[in-house]
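# Per-entry structural report
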Amino acid sequence: MLVLVLACLVFGFANSRFIQPTNLSIILQQAAVVGALAVGQTLIILTAGIDLSVGAIMVLSSLVMAKLVSDGGLPGIVALLVGFAVAVVAALLNGLLVTKINLPPFIVTLGTLSIFTAATLIYAQGMTISLTPGGVLTWTGRDISLGGFHLTVGVLMMLALYALSAYALRQTAWGKHLYATGDDVEAARLAGIRTNRVLLSAYVVAGAVFGIAAWILVGRINGADPNAGLNANLESITAVVIGGTSLFGGRGAVVGSLIGALIVQVFDNGLALAGMDPNYQVLAVGLLVIAAVAADQWIRSVKS
Amino acid sequence: MSLILKTLSNPYFVTMKSGAEAEAKKVDLDLTVAAGKTDGDTQTQISAIDDAISRGDKGILITPNGDAVNTELKKARDAGLFVIALDTVPNPPSTVDVTYATDNEQAGKLIGQYAAERLDGQKAVIAMLDDFNDQVVSVDVQRDHGFLEGMGIDPGSPTQNGKEQKTGHYTGGKGGDYQVVCHQPTAGSIPGGKTAMENCLSANGDINVVYTINEPAADGALQALADAGKQGVMVVTIDGSCKYVNSLVKDGKIAADAVQYPGKMASLGVQAIAKLASGGSTPSLPAGQDFINTGTALTTAQPVDGVKSETPATAAQSCWG
């Protein structure tokens, strides 16, 4: 949080345009898709897992949604539900391979990353799909003006996902079981938690979240693009890690991931505004990501 | 024979694949298709070349993902295979028997000249939406530089994007002052184009000319412009797919589009290999050229004097043929 505020101050001083409401709104819009994905990724990482296929699931789901409407002529709401189903089934497949066959999540999702990407390319033939605005699918891209700010339905949806998942993780038995399972599966099992069921539920809930991310993506670009999610897998993991969730599971909070996603977007946008040489821009984001995590660690060690 | 493409995540290469398949059927050649997993994936291409050699193929058609495949291509030629490049001229061009490609620099030049003419002496505030910013890809550089040259701006470097003077005087059309506001990466995708345009607009709201590497990037840029309520911004691009020629170009939202002909590259390539395999000779190169240019044309709904163009309806008849 401190890093985010500091970064905003620095970029704000460097360029007065950065702090303009329109630019801040744009940062939120740019962060909405990865921010939403990071909610699902956090749930999985909390179980001591990792999902390398989140971007692939989202892109597949978004293409199914858009294509069913544009080529299939189906009503938007039906396409949306089918798209959600695709995301949930894909995530469920990951979860089943992890829990039933006991494969490491890293290996499972490395494999399904290829499978879902290939399925997307076979289905789309590389083509982008454009939708006419005004339908159910593009509703997430609708502009909502608040003072000088332009949020979209997608941004609010992403924020709502954070509120909901933070509540579920903190206040429900399911959330406590999830933390316990991620911290130490064996101990959790001995304590009477049905750990496989908890793990599977994390994947399924995450799948639904990826479906919502797909919906936000379709709204953002008024259609679907098979090349859209190239970096989304790693970006979502980056956001979670910067947000302070432990890759070893059991520790962290979902809200951190929102801050993580925003930090990355703020750096991207701020450096672009500062007109930094593009090659150095990529380098700088990498350095700043490491610095952000190091600063976070330092603050923790001082606190404890 | 083998067809080895850059990726199959781009309809351009998918079109090339179907063009080659149709032609291979005509000349009765077996065709095996392989492709890199992402743009720049040379390792998968090298394995595919290996496979072609061990299968005893007559020839290879390849859109090389980078210079790293050159050694392997030489191995294939030493093994007696004919090697023809499509779309991308290898470095050096003599790595292959012959190349059929779009002159990407020429394509960029066409949209640059168009932009300069249509500005009619006004100040140009330019956003450059490139493909990548973390790797040098020849097509990316050639198009970017072609556009600047067409505008009458010195690119400042033979091999890198973003090295031009940021402000100065352009000499294309009637000439005038210019300012280059940004170079942003798009990965050639709609969301990439949208994010890039948003960042550029935040940096400078007066942008009136947008160069984009391809149509999906232009599509994303137009959405960002629409969201920001900007009208009358000239967006130019390179691709010429049927989908965009019949929509955004026809509607005048993409002001100008340089069209290329991947289907033609593929069928010419297959024919050349068939001819070589039956004892014919290598197609000869035009004087002063290191590849056979399959041509580009400028299409626009609002033609300007001084730059030859065709209507979107005409372009649609041969889109990606």
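Each chain has its residues counted from 1, following the order in which its sequence is written. Lettering for chains starts from A, numbering for ligands starts from 1, and both go in the order in which the items are written. Totals for whole chains, interfaces and linings use all residues, but because this is a predicted model, local features are given only for residues with pLDDT of at least 70 and pairs of side-chain atoms are given and counted only at 80 or more. Side-chain calculation: all heavy atoms of the structure are included, whereas hydrogens and water are not.

We now examine the overall build of chain A. In terms of regular secondary structure, chain A is built from twelve helices and four strands. The C-alpha extent of chain A, read off along each of the three principal axes, is 60 × 55 × 35 Å. Within chain A, buried positions represent 52% of all 304 residues. In chain A, the proportion of contacts linking residues at least 24 apart, taken out of those at least 6 apart, comes to 74%. For chain A, the centre of its 13 positive side-chain charges and the centre of its 11 negative side-chain charges are spaced 11 Å apart. What counts as a helix is a DSSP run of H or I of at least four residues, what counts as a strand is a run of E of at least two, and both are numbered from the N terminus. Burial classes follow relative accessibility: with a 1.4 Å probe on protein chains only, a residue under 20% of its type's maximum area counts as buried, one over 50% as exposed, and anything between as partly exposed. Should any heavy atoms of two residues lie within 4.5 Å, those residues are counted as being in contact. In this tally, Lys and Arg are treated as positive and Asp and Glu as negative; His is ignored, and so are the chain termini. Charged groups are reduced to one reference atom each: NZ for lysine, CZ for arginine, CG for aspartic acid, CD for glutamic acid.

A few words now on the interface of chain A and chain B. Taken together, the contacts link 28 residues of chain A with 27 residues of chain B. Reported buried area values correspond to the accessible surface (1.4 Å probe) lost by two parts on association, with both partners' losses combined. A buried area of about 2400 Å², summed over both sides, lies between chain A and chain B, and 47% of it is on carbon and sulfur atoms. Salt bridges are counted wherever a side-chain nitrogen of Lys or Arg sits within 4 Å of a carboxyl oxygen of Asp or Glu. At the junction of chain A and chain B, the tally comes to one salt bridge. Residues A:Arg220 and B:Glu198 are paired through a salt bridge, measuring 2.9 Å at the closest nitrogen-oxygen approach. Residues were grouped as follows: Ala, Val, Leu, Ile, Met, Phe, Trp, Tyr, Cys and Pro as nonpolar; Asp, Glu, Lys and Arg as charged; and all remaining residues, including Gly, as polar. When the residues that make up the side of chain A that touches chain B are grouped by side-chain class, the tally is twelve nonpolar, twelve polar and four charged.

Here we come to the packing of helix 11 (residues 254-273) of chain A against helix 6 (residues 190-203) of chain B. Packed helix pairs are specified by the crossing angle of their axes together with the interaxial distance, meaning the distance between the axes. As a rule, the C-alpha atoms of each element are fitted with a line to give its axis, helices using only the stretch in contact, and angles between N-to-C directions run from 0 to 180 degrees. Here helix 11 of chain A crosses helix 6 of chain B at 50 degrees, and the two axes come no closer than 9 Å. With respect to each other, helix 11 of chain A and helix 6 of chain B are oriented oblique. In terms of crossing hand, the pair formed by helix 11 of chain A and helix 6 of chain B is right-handed. Here A:Asn269, A:Ala272 and A:Leu273 of helix 11 of chain A come into contact with helix 6 of chain B, specifically with B:Asn199, B:Ser202 and B:Ala203. The residue inventory of the contact of helix 11 of chain A with helix 6 of chain B, partitioned by class, reads three nonpolar, three polar and no charged. Any angle that is under 35 degrees is reported as roughly parallel, and any over 145 degrees as roughly antiparallel; angles of 65 to 115 degrees are reported as roughly perpendicular and all others as oblique. Should the near helix be turned anticlockwise from the far one by less than a right angle, the crossing is left-handed, and should it be turned clockwise, the crossing is right-handed.

Attention shifts here to the pairing of strand 11 (residues 254-259) of chain B. Residues and elements named next belong to chain B. For strand 11, the tally of buried residues reaches six of six residues, placing the bulk of the element in the interior. Strand pairing is assigned whenever DSSP detects at least two bridges linking the two strands. As judged from the five bridges shared by strand 10 (residues 234-239) and strand 11, these two strands associate in the parallel manner. If you follow Val 235 over to strand 11, its bridge partner there is Ile 254. Seen with its strands pointing away from the viewer, a crossover is right-handed if its path from the first strand over the helix to the second goes clockwise. Following the backbone out of strand 10, through helix 8 (residues 242-249) and into the adjacent parallel strand 11, one traces a crossover that is right-handed. Pairing of strand 11 with strand 13 (residues 297-299), which is carried by three bridges, proceeds in the antiparallel orientation. If you follow Val 259 over to strand 13, its bridge partner there is Ala 297.

All right, on to the packing of aromatic side chains then. Each aromatic ring pair is described using two quantities: the centre-to-centre distance and the angle formed by the ring planes. Pairing of aromatic side chains requires ring centres within 6.5 Å, counting the rings of Phe and Tyr and the six-membered ring of Trp. Pairs whose planes differ by under 30 degrees are stacked, by over 60 edge-to-face, and all others tilted. For the coordinates displayed, the defined rule picks out seven aromatic pairs over all chains. Consider the rings of A:Phe11 and A:Phe267, whose centres lie 6.0 Å apart with planes at 70 degrees: the pair is edge-to-face. Here A:Phe11, found in helix 1 (residues 2-14), pairs with A:Phe267, found in helix 11; they are 256 residues apart in sequence, far enough to count as distant. The same class applies to A:Phe11 and to A:Phe267, which are both buried. Look at A:Trp139 and A:Trp215: their rings are 5.9 Å apart centre to centre, the planes differ by 35 degrees, and that puts the pair in the tilted class. Here the residue A:Trp139 occupies a position in the loop between strand 1 (129-130) and strand 2 (143-146), and A:Trp215 occupies one in helix 9 (residues 195-221), the gap between them amounting to 76 residues. A relative accessible area of 39% places A:Trp139 in the partly exposed class. In textbook terms, an aromatic cluster arises when at least three aromatic residues are bridged by ring pairs, as seen for A:Phe11, A:Phe18 and A:Phe267. The ring of B:Tyr261 has B:Lys264 sitting right over it, with the charged end atom 5.8 Å from the ring centre. Here, a charge over a ring is recorded when the distance from Lys NZ or Arg CZ to the ring centre is within 6 Å and its angle to the ring normal is within 35 degrees.

We now examine the pattern of salt bridges. Residues and elements named next belong to chain B. Going through the model one piece at a time under the given rule, you end up with twelve salt bridges over all chains. Here Glu 23 and Lys 26 are joined by a salt bridge, their closest N and O atoms 3.6 Å apart. With a gap of three residues between them, Glu 23 and Lys 26 both fall in helix 1 (residues 11-27), about one helical turn apart. Judged by relative accessible area, which is 8%, Glu 23 ranks as buried.

What follows concerns the nonpolar core. Of all hydrophobic cores here, the largest spans 106 residues; its most connected members are A:Met58, A:Leu137, A:Phe210, A:Ile216, B:Met197, B:Ile207 and B:Val210. Sort the elements by how many residues they give to this core and helix 9 of chain A lands first, with 14 residues. In this structure, A:Met58 is in contact with A:Val33, A:Leu37, A:Phe210, A:Ala213, A:Ala214, A:Leu217 and A:Ala232, ignoring residues within four places of it in sequence. Listed in part, the 30 residues of the second largest apolar core include B:Ala116, B:Met128, B:Met151 and B:Ala255. What makes a nonpolar core is a set of buried Ala, Val, Leu, Ile, Met, Phe, Trp, Tyr and Cys residues whose side-chain atoms join them at distances within 4.5 Å.

Glancing now at the domain arrangement of chain B. Residue and element names in this part refer to chain B. Residue ranges assigned to the domains are those given by an automatic or database domain assignment. Entries for chain B in the domain assignment read domain 1 (2-102 + 261-290) and domain 2 (104-259 + 296-316). Put simply, the middle of domain 1 and the middle of domain 2, counted by C-alpha atoms, are 29 Å apart. Between domain 1 and domain 2, the buried area comes to about 630 Å², and carbon and sulfur atoms account for 50% of it. On the domain 1 side of the interface with domain 2, the three residues burying the most area are Asp 39, Thr 102 and Tyr 261, jointly 65% of the side's total. Our count for the contact surface shared by domain 1 and domain 2 stands at zero salt bridges. Polar contact criterion, stated in full: a pair of N or O atoms within 3.5 Å, where within protein one must be able to donate a hydrogen and the other to accept it, and residues adjacent in sequence count only if both atoms are side-chain atoms. Linking domain 1 with domain 2 are one residue pair in polar contact (both at pLDDT 80 or more). Taken together, the residues that form the side of domain 1 that touches domain 2 break down as one nonpolar, two polar and three charged.

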